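For reference, the chains in residue letters:
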Amino acid sequence: MKNIMLLFISALHFLAAAPNPPDITAWDERIKQSQRDAGAKMIAALVSASQSNAASFLIEPGYYRFTATSNGFATLTLSNIGNMRIKADGATFLIEGFKFGFWIKTSSNVVVEGLSVDYDPLPFTQGRIVDIHEEDGWGKCWLDIDVDPGYILPDKIMQDPVTGRKTGTLPVVVFDRDGRNIKMNAWGKPSKIERITDTRFRIFSQPPAYPHPNFKVFMRYSDYGIIKGDRFLMIHRQADCAVFTSSVANIEFTNVTIFASPGLNFVETGHKDWAGGTKYRGCKIIRRPGTDRLISGNCDGFHMHYTKKGPVIENCTAEYIGDDFINVRGAMGMIIEQGSEPNTVYIASRQEFEGDHVLRNGIGIQVIDQDTGAVKSEGTVVSCTKERGSPWVDIATNVKRAVNPLVWENSGKNVFKAVFDKPMNVRRYDYFVYKDNIGEGAVIRGNRFSYNLANGIRMQSRNMLIENNTFEFVRGVGVTVAAYCQWLEGAVAGNVIIRSNSFIDCQRGAHERSIGYSESLGTISIRTGARLGVETLLPGTLYHDILIEGNTIVRPAAAAFFVANASNVTIRGNRIIEPSSLMASHAGANYGLNGNFGVIICENPIEKNIIVEKNLFEKKPSGFPGDVFYGK
């Protein structure tokens with residue numbers, strides 16, 4: 001009887017250890033084709049209902065399959081839908097191919113209820129580490145992994161299963177053996193992949209994947225706590241997303257669930273008419289129940305850019321995602337040169353979705369001085385054209401900016417000639433930021449976020465409310481209000497309220513050897529984003545009027561609060577439990593820190609009106625240097 005019971009338990013474990021529940025795993029091509037047919041029929045009926053001005057549309061429970069096309073989009077695209085409630089309780093959209101999923105564009109007054117979105121095949125692979133080889137020298141270490149049953153093989157993951165195109169990047173993440181905790185320091189990119197058997201692969205990499213310039217000592221996998229039996233995840237990560245809205249107004253997603261995404265999960269862009277303000281209520285980004293998946297979405301949970309209005313995100317859940325939980329932002333770029341006319345400027349910027357670029361007629365721009373961080377000029381774009389030849393493209397291609405190569409790399413080789421409504425005071429390597437179209441007025445309330453590879457909320461906007469949220473096991477900071485210069489995202493932020501939130505075991509990456517920027521110094525961080533000026537604080541005041549009140553921070557890995565480049569900041573009535581006495585790796589030296597304080601203010605508190613009062617520190621460790629530090 002005992003042996004029978006053990007066999008039964010083993011069988012249950014085997015059934016659960018799969019990328020999909022057993023009934024889905026058993027599908028054959030005939031069933032999948034019937035799902036494609038059902039998807040095409042349903043979309044045709046939905047479009048017809050919209051054209052007849054129907055007030056509601058019911059999607060029957062079941063599976064609807066959509067295939068990504070050669071242009072990179074799923075066939076599930078809705079345009080010009082208006083004044084409709086789409087009820088989809090029990091319905092699941094399955095996207096084939098590592099591309100865009102459900103897309104709503106140029107629509108208004110639409111509610112989508114109860115829908116689930118998943119990908120088949122999944123845009124990641126996973127397995128277990130079965131052997132480790134360590135040898136001094138970069139590129140001489142490898143991990144042998146056995147791929148879990150049913151997952152795409154590592155040597156195939158870079159190729160889209162539908163289009164055949166090779167795209168994306170391959171972050172590698174190591175979990176502990178039960179698949180719950182993401183190990184610190186244990187992620188990067190492979191330099192080479194070799195097949196050993198049908199399911200066993202050798203992954204070459206050199207830890208640390210992103211070595212800090214001050215960290216030259218060779219590290220072994222064992223120094224990172226990686227051991228045999230750990231779980232191994234490889235993500236096909238790119239910019240495509242699961243649920244996408246563009247040029248919309250008054251859209252609401254209620255109880256919509258995303259189980260997987262090749263990149264971002266919920267995404268909104270203003271695109272042509274710069275609308276925004278989409279509401280997300282009760283939505284989830286989670287690992288699919290009944291499976292052994294290690295991750296849900298591959299990149300950001302909610303990502304909103306170039307919209308007039310910010311999102312409303314309430315009572316949602318996001319867990320085990322591959323980047324930030326929320327990012328609300330405008331755009332940044334780098335000044336290449338002033339033209340022959342004082343109102344003409346050449347700018348390098350990342351090219352945007354569907355051939356658009358971020359500079360459009362009527363867009364308000366502020367120029368940020370590269371040395372001071374001060375706003376030195378403002379203007380409105382009158383016209384903008386892309387430069388396709390010398391000399392500007394050559395300049396953008398060849399210039400190597402030693403002070404910040406990552407910023408230059410991410411600015412791309414796209415150069416635009418922008419004509420403004422007035423003369424602009426600029427010089428090479430100044431930044432431009434959006435003055436508007438930054439998701440203003442975002443409300444983030446009552447959500448639960450746990451386990452990810454980056455930050456909690458990255459807010460780069462104005463008039464924001466972040467309250468009553470719970471953050472658990474966040475690798476980066478819990479909330480940061482800052483322009484993120486490395487990815488050329490952001491704006492000048494202000495009028496922000498961060499109150500009554502709980503942060504538990506956040507900044508898990510603050511002590512990682514691969515993280516050196518000072519943004520990691522605070523669970524709540526107000527400062528210029530990562531790597532601007534290589535850890536040099538700019539004296540300009542970029543952020544203003546911020547209230548941080550009534551939050552609970554449990555076991556912060558570094559300081560609970562970090563403030564720089566800000567004015568009119570109040571940190572009041574917060575509770576910090578078990579603060580750390582250890583300074584984050586490679587962070588803090590520039591500010592004269594020799595230990596980890598609870599609150600770090602790198603401003604003149606009187607001049608900048610920084611108020612720190614009535615904060616309660618509990619269970620201070622021995623060696624804790626002090627509650628508040630005022631640095632340079």
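All residue numbers refer to position in the chain's written sequence, counted from 1. For a predicted model such as this one, the threshold for reporting local features is a pLDDT of at least 70, and the threshold for listing and counting side-chain atom pairs is 80 or more; totals across whole chains, interfaces and linings nevertheless cover every residue. Heavy atoms throughout the structure, all of them, feed into the side-chain values; hydrogens and water do not.

Some thoughts on the overall build of the protein
Assigned secondary structure in the protein consists of 5 helices and 49 strands. Working definition: with a 1.4 Å probe on protein chains only, accessible area under 20% of the residue-type maximum means buried, over 50% means exposed, and in between means partly exposed. Taking all 632 residues of the protein together, 60% fall into the buried category. Taking all contacts inside the protein whose residues are at least 6 apart in sequence as the whole, residues at least 24 apart take part in 75%. When the accessible surface of the protein is summed, it comes to about 24000 Å², and 51% of that surface belongs to carbon and sulfur atoms. By definition, any uninterrupted DSSP run of H or I lasting at least four residues is a helix, any uninterrupted run of E lasting at least two residues is a strand, and each is numbered from the N terminus. Contacts: residue pairs with any heavy atoms within 4.5 Å of one another. The Shrake-Rupley method, run with a 1.4 Å probe, gives the accessible areas here. Residue values count only the displayed protein chains as cover.

A closer look at the packing of aromatic side chains
The pairing test for Phe, Tyr and Trp rings, Trp by its six-membered ring, is centres within 6.5 Å, and the orientation test on the planes gives stacked under 30 degrees, edge-to-face over 60, and tilted for anything in between. Under the counting rule described, the total for this entry stands at 22 aromatic pairs. Site record: aromatic cluster; members linked through ring pairs are Tyr64, Phe66, Phe93 and Phe102. In this analysis the charged atom, NZ for Lys or CZ for Arg, is taken to sit over a ring once it is within 6 Å of the ring centre and within 35 degrees of the ring normal. Geometry around Phe204 places Lys192 over its ring, the cationic atom sitting 4.6 Å from the centre. Taking the ring centre of Tyr320 as reference, the NZ or CZ of Arg287 above it sits at 3.5 Å.

What about the pairing of strand S6 (residues 102-105)?
Relative to S6, strand S3 (residues 77-79) runs parallel, the two being bridged by 3 bridges. Bridging across to S6, Ser79 finds its partner in Lys105. Strand pairing is assigned whenever DSSP detects at least two bridges linking the two strands. Where S6 and strand S16 (residues 241-246) come together, 4 bridges link them in parallel fashion. Across the sheet, residue Lys105 finds its bridge partner in S16, namely Ser246.

Thoughts on the side chain of Asn298
By the element assignment, Asn298 lies in the loop between strand S21 (284-285) and strand S22 (302-305). On the accessibility criterion, Asn298 (0% relative accessible area) is buried. Of the polar contacts made by the side chain of Asn298, one reaches the backbone oxygen of His236; its length is 2.9 Å. Whenever a nitrogen or oxygen atom comes within 3.5 Å of another N or O atom, the pair is scored as a polar contact, on the condition that within protein one atom can donate a hydrogen and the other can accept it, and that pairs from neighbouring residues in sequence are kept only if both atoms are in side chains.

Details of the pattern of salt bridges
Here a salt bridge means any side-chain nitrogen of Lys or Arg lying within 4 Å of a carboxyl oxygen belonging to Asp or Glu. Under the definition given, this model contains 36 salt bridges. Ionic pairing is found between Asp118 and Arg288, a salt bridge with its closest N-O pair at 2.7 Å. Taken as a pair, Asp118 in strand S8 (residues 116-119) and Arg288 in the loop between S21 and S22 lie far apart in primary sequence, 170 residues in all. Asp144 is the partner of Arg202 in a salt bridge, and the nearest nitrogen-oxygen pair spans 2.8 Å. Placement of Arg202 in strand S14 (residues 200-205) and of Asp144 in strand S10 (residues 141-147) is noted, with a sequence separation of 58 residues between them. Shared partners join several salt bridges into a network, and the residues in it are Glu252, Arg281, Glu314, Arg445, Glu467 and Arg499.

Digging into the pairing of strand S35 (residues 462-467)
Counting buried positions over the 6 residues of S35 gives 5, a clear majority of the element. With 3 bridges connecting them, strand S32 (residues 443-445) and S35 associate as parallel partners. Counterpart to Val443 in the pairing with S35 is Leu465. The pairing of S35 with strand S38 (residues 494-499) spans 5 bridges and is parallel. By the bridge assignment, Ile466 is partnered in S38 with Ile498.

Observations regarding the sheet that holds strand S25 (residues 326-329)
Across the sheet, 12 strands lie side by side as S3-S6-S16-S19-S22-S25-S34-S37-S40-S43-S46-S49; this open sheet has parallel pairing. Of all strands in the sheet, those bounded by a partner on one side alone are S3 and strand S49 (628-630). Along the sheet, successive strands turn relative to each other by an average axial angle of 10°, direction set aside. Where S22 meets S25, 4 bridges bridge the pair, whose relative direction is parallel. Residue pairing across strands places His305 opposite Arg329, the latter belonging to S25. Orientation is described by lines fitted to C-alpha atoms, with helices fitted over the stretch in contact, and by angles between N-to-C directions that extend from 0 to 180 degrees.

Here's the deal with unusual backbone geometry
Each neighbour pair has its own omega, and for Asp120 with Pro121 the value is 5°, a cis peptide bond. Here Pro121 lies in the loop between S8 and strand S9 (124-133). Unlike most non-glycine residues, Asn495 shows phi in positive territory, near 55°. Tracing the sequence through the fold places Asn495 in strand S38.

Let's talk about the side chain of Thr480
Relative to the helices and strands, Thr480 resides in strand S37 (residues 479-481). Judged by its relative accessible area of 0%, Thr480 is buried. Among the polar contacts made by the side chain of Thr480, one reaches the main-chain carbonyl oxygen of Ser525 at a distance of 3.3 Å.

A look at the state of the cysteines
Our working definition of a disulfide is a cysteine sulfur pair at a distance within 2.5 Å. The final tally for this structure, using the stated rule, is 0 disulfides. In this structure Cys283 is not part of a disulfide, and its nearest cysteine sulfur, from Cys316, lies 4.6 Å away.

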